[in-house]
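Structure assessment
So the chains spell out like this:
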Amino acid sequence: MFRNRLLPVLPRRHRGIVAIAGGAGLRWGEAAGMCADALDLDRAQVHVRRTVIEVAGTTSFKPFPKSTAGRRTVPLPAWLVTILREHMERYPLGAGDLVFANAVGGALRRTLFRSRVRRPALVRAGQLGTVIEIEQGTCWEASWTDTLGNRHRQTFDNERQAVQHVARSQAGGGLRFHDLRHSYATWLVDDGVPPNMVQRVMGHERAATTLDLYTRRTNDPTRILQALNDEDPDDGPAAAMVPA
């Protein structure tokens, strides 16, 4: 869903910051505070060095991440490098060489990003209410659920109005920016990346934090059985290890 459904419907200017959350596990402040000196696209790396904090609608820089472990280097997958290169070529750097700046060069504000970018994108991705074109180019039907669980429908004469209405009216927050970081860690652990390596790229002080907070819990025993049924090429069948 993240790469195939969410990224394509985001405004091009904001595609990179969402991609780096899901493809490198950066926190909002780390991504919003990333400057050009932190990116090494030739080596496919990002160096997490600073962060942005927002208090009462005002943003400010901190010259260090959340913790000592938060100061780290994270490898970038090829698809993310492509997105970041396109962003760097298309959009000028902001104040202090910010990579993901707003239209006037300042740091992005999380609260505005949520209402103006993230929620409308979730609507378009089919993850928050629904908007359906019922007459080509002239009429769209918006459907949403309010906080009491009541379902509503309304028609609009353009897609943008319909999307904005659902984004404002649909109950629940939908996929959060931080959920992309959660998914990143889960993908790594599920694919067999050692916990200590996941810990380092996530910027956690302890591997236990990574495993407790950012991995999916499942009751599916398939992977356990696959591991136990695999034959070790050095030691022969597992049964040979059992004493008589």
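Description of the structure in this document. (Residues numbered from 1 in each chain as written. Predicted model: local features only at pLDDT ≥ 70, side-chain atom pairs only at ≥ 80, totals over all residues. Heavy atoms only, no water.)

1. Let's talk about the overall build of the protein chain
Each helix and strand counted, the protein chain has 10 helices and 8 strands in total. By residue count, 39% of the 244 residues in the protein chain fall in the buried class. Partitioning the intrachain contacts of the protein chain with sequence separation of at least 6 by distance along the chain shows that 57% fall at a separation of at least 24. A total accessible area of about 14000 Å² is found for the protein chain, and carbon and sulfur atoms account for 51% of it. (Helix = DSSP H or I, 4+ residues; strand = E, 2+ residues; numbered from the N terminus. Buried < 20%, exposed > 50% of the residue type's maximum accessible area, 1.4 Å probe, protein only. Contact = heavy atoms within 4.5 Å. Areas by Shrake-Rupley, 256 points an atom, 1.4 Å probe, with all protein chains shown as cover.)

2. With respect to the sheet that holds strand β5 (residues 72–75)
Note on sheets: strands pair through backbone hydrogen bonds, and any given pair is parallel or antiparallel. Pairing is antiparallel across the open sheet formed by 3 strands, whose spatial order is β1-β2-β5. Edge positions in the sheet fall to β1 (39–40) and β5, since each of these pairs with one other strand and no more. Relative to β5, strand β2 (residues 45–48) is paired through 4 bridges, and the arrangement is antiparallel. Within β5, the position partnered with V46 by the bridge is V74. (Pairing = 2+ DSSP bridges.)

3. Details of helix α5 (residues 110–124)
Compared with the 21 Å implied by 1.5 Å per residue over 15 residues, the 20 Å span of α5 between its first and last C-alpha is a close match. At R118, α5 shows its largest bend, some 30 degrees, and a proline, P120, comes one to four positions later. F113, V117, R118, R119, P120, A121, L122 and V123 are the residues of α5 that are buried. For α5, the secondary structure elements touched by its buried residues are α1 (2–9), α2 (12–24), α3 (28–32), β6 (130–135), α6 (159–169) and α7 (177–190). (Expected span 1.5 Å × (residues − 1). Bend = angle between axes of the 7 residues up to and from the residue.)

4. Some remarks on the nonpolar core
Membership of the largest hydrophobic core comes to 56 residues, with the highest contact counts inside it found for I17, V18, I20, M34 and L76. In terms of residues, this core owes the most to one element, α2, which gives 6 residues. Residues in contact with I20, not counting those within four places in the same chain, are G25, L26, A31, M34, V46, L80, L84 and F100. (Core = buried A, V, L, I, M, F, W, Y, C linked by side-chain atoms within 4.5 Å.)

5. A word on the packing of aromatic side chains
As enumerated under the stated definition, the model contains 5 aromatic pairs in all. Look at F2 and W187: their rings are 6.1 Å apart centre to centre, the planes differ by 35 degrees, and that puts the pair in the tilted class. Separated by 185 residues along the polypeptide, F2 in helix α1 and W187 in helix α7 bring together distant segments of the chain. On the basis of relative accessible area, F2 is assigned to the buried category, the value being 8%. (Phe/Tyr/Trp six-rings, centres within 6.5 Å; stacked < 30°, edge-to-face > 60°.)

6. Overview of the layout of surface pockets
Regions of empty space are outlined by a rolling probe, equal in size to a water molecule, passed over the atoms. Estimated volume of the largest pocket: approximately 310 Å³. Along its surface, the largest pocket is lined by 16 residues, and G23, P75, Y184, L188 and V193 are the ones closest to its centre. Element by element, the count of residues in the lining of the largest pocket is highest for helix α8 (residues 195–202), at 4 residues. Split into classes, the residues belonging to the lining of the largest pocket amount to 11 nonpolar, 2 polar and 3 charged. (1 Å grid on protein atoms, 1.4 Å probe; cavity = no way out; pocket = protein on both sides within 12 Å on 5 of 7 lines; lining within 4 Å. Points joined across faces, edges and corners; volume = space filled by probe spheres on them. Nonpolar A, V, L, I, M, F, W, Y, C, P; charged D, E, K, R; others polar.)

7. What to know about the pairing of β2
As paired strands, β1 and β2 are joined by 2 bridges and run antiparallel to one another. The residue of β2 that forms the bridge with D40 is Q45. Hairpin connection of β1 to β2: 4 residues between the antiparallel strands, including A44 at a positive phi of 55 degrees.

8. Examining the sheet that holds β6
Within the open sheet, the 3 strands sit side by side as β6-β7-β8. Their pairing is antiparallel. A strand with exactly one partner marks an edge of an open sheet, and here the two such strands are β6 and β8 (151–156). When the angles between neighbouring strand axes are averaged without regard to direction, this sheet yields 25 degrees. Of the strands in this sheet, β6, β7 (139–145) and β8 touch α6, which is tilted by about 5 degrees from β7. (Axes fitted to C-alpha atoms, helices over the stretch in contact; angles between N-to-C directions.)

9. Here's the deal with the packing of α2 against helix α4 (residues 78–90)
A pair of packed helices is characterised by two quantities: the angle between their axes and the separation of those axes. Closest axis-to-axis distance for the α2/α4 pair is 9 Å, and the angle between their directions is 150 degrees. Between α2 and α4, the angle falls in the class roughly antiparallel. Of the two elements, α2 crosses α4, and the hand of that crossing is left-handed. Taken together, the residues of α4 that come into contact with α2 (itself represented by R12, R13, R15, G16, A19, I20, G23 and A24) are W79, L80, I83, L84, H87 and R90. By residue class, the composition of the contact of α2 with α4 is 7 nonpolar, 3 polar and 4 charged. (Parallel < 35°, antiparallel > 145°, perpendicular 65-115°, else oblique. Left-handed = near helix turned anticlockwise from the far one by under 90°.)

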